[in-house]
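Okay, here's what each chain looks like letter by letter:
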Amino acid sequence: MHKNPQLRLTRRSFVAGAAGLAAVGGVSRSLAQETRTFDFRTRLTSYVFEDRPPTPNLVSLADHAPPPVLRLRKGQKSVINLTNGLDDYTTIHWHGLRIANQMDGVPYLTQMPVAKDETFTYAFTPPDAGTFWYHPHCMTMQQIAHGMTGMLIVEEDMDPGFDADVPVNMKDFRLNDDGTFLPYFTARGAARGGTYGNVRTVNWDVAPTYDVPSGGLVRLRLLNTDLTRVYKLFLPPVPGRVIAWNGNPVLEPIAMPTQDAPLWIAPGERADIALRVPESEGTPVAVQSVIAGQLTDIVTLRSVGASAKRDLAELAPLPKPELKEPDLANAERKDILFGWSPDGDGTKNGLCGDFGYTFWSIDRKPWPGDAVEGTGPVAHLRLGQSYVLRLYNESPNLHPIHLHGLVFKPIRSNMRTLPANWTDTILLLKDEVIDLGLVADNPGDWAFHCHVIEHQKSGLAGYIRVS
Ligand code: C2O
Ligand code: CU
Ligand code: CU
């Protein structure tokens, strides 16, 4: 059902940013060198979606619903004590952070699953500022379907000068009218593009409106944590620019999205947009999408108060990413194929939930499962060397391919021009072949998979070894 955002204004309207969305961990400059410690316990909670009765069995952290926006700082040590309050096993992965392999949160590959009432301590120092996120990597389907995804913001050393910072965590739920959950997926969906949700939310609310200062500069952090949907978003013509893509400041420009040329944000992906909101109080700026032929508001910003009279030119540019350029002239090429699966009887994920089907493969081999021992890497990269990964999509479906622990740059596609911006995820279109360049500078076994979780869990997964 389409909700009029004006109606939402009277029901749920607040200043986004520090005082609005639950955020934990914002640090003052003087504390930047101190360790930041969080004690989180996963737990079940309930939440009201639109006009339904409360939905039980959502998964969140501590006393937050939805899971909090976690604010860390570049170069500052962070310690997260995760205690599992759920009956099921879990782990947490820090999507996009280039940290030590043992802290990456991938069951069996980097750590054992965390049982009920056990605590696992994640300790790391984020090397890059930007928009990242966290999610379980054990019982991934079930726990993400039940809401367990959160934005992870790593603050810059400097202050870029925004008046408001608006986290937008887009995620669909599959709910019955009585608020209970529909099955997480259908086999038919998993074998094709994936299974779509029927309740589209931002920070667990349907088409919310957030108040921002009139004439102010807003950093919109768009994050797609859905299991399946590739969001295609656009904005009205307000002054603005895309400043970061998948956690990294853009080096080659990405155009401001319009209805004719929307910005595609696949599962796992992020975009940071700097924009100046209108001067006159009450004027809405809606991020929209056309979904099933319907013009749909995703999230709306409403300007409040006297004009802050800011100008986009007042923003300090984000610091350039400190990443090593691949040496393409001497890079070894590795070809990797993504496609259908030869017959299989389902991945074996041990304590992390067997999926029951195998539909997908990498290099024509379905991933046998997280808990299967003796499975070799998709590729073995030598530490410190440059590589070109040539990814082939042999299927008609879209696959956002994600690599943990490293970032890469698109070099070329057989179908389109891709801006050469650092990223941890790349969307492969039907029949597309993309070359990626990277320096294998972080040692470990790094998970490598499609971020359509049904694809990941039914075979489109593996890992890349760097040693
Ligand atoms: Cu966002 Cu392997 O994950
Ligand atoms: Cu990841
Ligand atoms: Cu996929």
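Residues numbered from 1 in each chain as written. Chains lettered and ligands numbered in written order. Predicted model: local features only at pLDDT ≥ 70, side-chain atom pairs only at ≥ 80, totals over all residues. Heavy atoms only, no water.

Along its length, the chain carries four helices and 31 strands. By the compact-globule yardstick of 23 Å for 467 residues, the chain fits well, its C-alpha radius of gyration being 21 Å. Over its C-alpha atoms, taken along the principal directions, the chain stretches across nearly 65 × 55 × 50 Å. Out of the 467 residues belonging to the chain, those deemed buried represent 61%. Across the chain, every contact between residues at least 6 apart in sequence was considered, and the portion connecting residues at least 24 apart equals 75%. Surface exposure of the chain reaches about 17700 Å², of which carbon and sulfur atoms provide 52%. A distance of 2 Å separates the average location of the 45 positive side-chain charges in the chain from that of its 51 negative side-chain charges. (Helix = DSSP H or I, 4+ residues; strand = E, 2+ residues; numbered from the N terminus. Rg over C-alpha atoms; globule rule 2.2 N^0.38 Å. Buried < 20%, exposed > 50% of the residue type's maximum accessible area, 1.4 Å probe, protein only. Contact = heavy atoms within 4.5 Å. Areas by Shrake-Rupley, 256 points an atom, 1.4 Å probe, with all protein chains shown as cover. Lys, Arg positive; Asp, Glu negative; His and termini not counted. Charge placed at Lys NZ, Arg CZ, Asp CG, Glu CD.)

As a further point, take the environment of proline 410. Looking at the secondary structure, you find proline 410 in strand S27 (residues 409-413). Leaving out residues up to four positions away in the same chain, proline 410 has contacts with Leu418, Pro419, Ala420, Asn421, Thr423, Ile426, Asp435 and Leu436.

This next bit is on the packing of aromatic side chains. Scanning the entire structure with this criterion turns up 17 aromatic pairs. Measuring from ring centre to ring centre gives 4.5 Å for phenylalanine 185 and phenylalanine 355, while their planes differ by 15°; the resulting arrangement is stacked. In this pair, phenylalanine 185 is assigned in the loop between strand S11 (164-173) and helix H3 (187-190) and phenylalanine 355 in the loop between strand S22 (332-340) and strand S23 (360-362), connecting sequence segments 170 residues apart. Taken individually, phenylalanine 185 and phenylalanine 355 each receive the classification buried, so the pair is uniform in this respect. Over the ring of phenylalanine 173 we find lysine 171, and its NZ or CZ is 4.6 Å from the ring centre. A cation over an aromatic ring shows up here: arginine 229 above the ring of tyrosine 231, its NZ or CZ 6.0 Å from the ring centre. (Phe/Tyr/Trp six-rings, centres within 6.5 Å; stacked < 30°, edge-to-face > 60°. Lys NZ or Arg CZ within 6 Å of the ring centre and 35° of its normal.)

The protein atoms that coordinate the copper ion (ligand 2) are His93 (NE2) and His402 (NE2), at distances of 1.9 Å. Here histidine 402 lies in strand S26 (residues 399-403) and histidine 93 lies in strand S7 (residues 92-95), a separation of 309 residues in the sequence. Among the residues examined, histidine 93 registers a relative accessible area of 1% and is labelled buried. (Donors = N, O, S within 2.8 Å, 3.2 Å for Na, K, Ca; no water.)

This brings us to the environment of proline 208. Note that proline 208 resides in the loop between strand S12 (199-202) and strand S13 (209-213). Overall, the relative accessible area of 1% leaves proline 208 in the buried class. Linking proline 208 and leucine 275, residues 67 residues apart in sequence, is a C-alpha distance of 18 Å. Once residues lying within four places of it in the same chain are set aside, the contact partners of proline 208 are Val202, Ile298, Val299 and Thr300.

If you trace the four strands from one edge of the open sheet to the other, you get S4-S3-S6-S8, paired in mixed fashion. Two strands bound the open sheet, and with one partner strand each, they are strand S4 (55-61) and strand S8 (119-124). Looking at each pair of strands side by side, their axes are set apart by 20° on average, direction ignored. (Pairing = 2+ DSSP bridges. Axes fitted to C-alpha atoms, helices over the stretch in contact; angles between N-to-C directions.)

Our next topic: unusual backbone geometry. At the junction of alanine 65 and proline 66, the peptide bond is cis and its omega measures out at 0° in the coordinates. With respect to the helices, strands and loops of the structure, proline 66 is situated in the loop between S4 and strand S5 (69-73). One non-glycine residue, tryptophan 204, adopts positive backbone phi at about 75°. Relative to the helices and strands, tryptophan 204 is located in the loop between S12 and S13.

In this section: the coordination of the copper ion (ligand 3). All of the protein donors around the copper ion (ligand 3) are His399 (ND1), Cys450 (SG) and His455 (ND1); their distances to the metal are 2.0 to 2.1 Å. Within one chain, the residues donating to the copper ion (ligand 3) are spaced in sequence as H-x50-C-x4-H. Neither residue differs from the other here; cysteine 450 and histidine 455 are each classed as buried.

Take the nonpolar core next. Residues Phe338, Leu391, Ile401 and Phe448 are the most contacted members of the largest nonpolar core, which totals 37 residues. Leaving out residues up to four positions away in the same chain, leucine 391 has contacts with Ile336, Phe338, Ile401, Ile426, Leu428, Glu432, Val433, Ile434, Leu436 and Phe448. Counting residues in hydrophobic clusters, the runner-up holds 29 residues, among them Val166, Leu220, Tyr231 and Ile298. (Core = buried A, V, L, I, M, F, W, Y, C linked by side-chain atoms within 4.5 Å.)

With that out of the way, let us pick up the sheet that holds strand S31 (residues 461-466). Read from one edge to the other, the open sheet built from five strands follows the order S24-S31-S30-S26-S28, with strand pairing classed as mixed. Looking along the sheet, the strands with just one partner apiece sit at the ends: strand S24 (379-381) and strand S28 (425-428). Pairs of neighbouring strands in the sheet enclose a mean axial angle of 20°, with direction left out of account. As paired elements, S26 and strand S30 (residues 444-450) share three bridges and run antiparallel to each other. For leucine 403, the partnering residue across the bridge sits in S30 and is phenylalanine 448.

Right, let's talk about the side chain of arginine 270 for a bit. Its place among the elements puts arginine 270 in strand S19 (residues 270-276). With residues near it in sequence (within four places) discarded, arginine 270 still touches His95, Gly96, Thr131, Phe132, Trp133, Leu222, Leu223, Trp245, Asn246, Gly247, Ile265 and Asp424.

Inspection of every chain in the model, using the stated rule, returns 30 salt bridges. A salt bridge links glutamate 322 to lysine 74, with the shortest nitrogen-to-oxygen separation between them at 2.8 Å. Taken together, the residues glutamate 322 in the loop between strand S21 (294-304) and S22 and lysine 74 in the loop between S5 and strand S6 (78-84) connect sequence positions 248 residues apart. Among the ionic pairs, aspartate 370 bridges to lysine 457, the shortest N-O distance being 3.1 Å. One end of the pair, aspartate 370, is in the loop between S23 and S24; the other, lysine 457, is in helix H4 (residues 453-457), and 87 residues separate them in sequence. Aspartate 370 sits in the buried class, given a relative accessible area of 14%. (Salt bridge = Lys/Arg side-chain N within 4 Å of Asp/Glu carboxyl O.)

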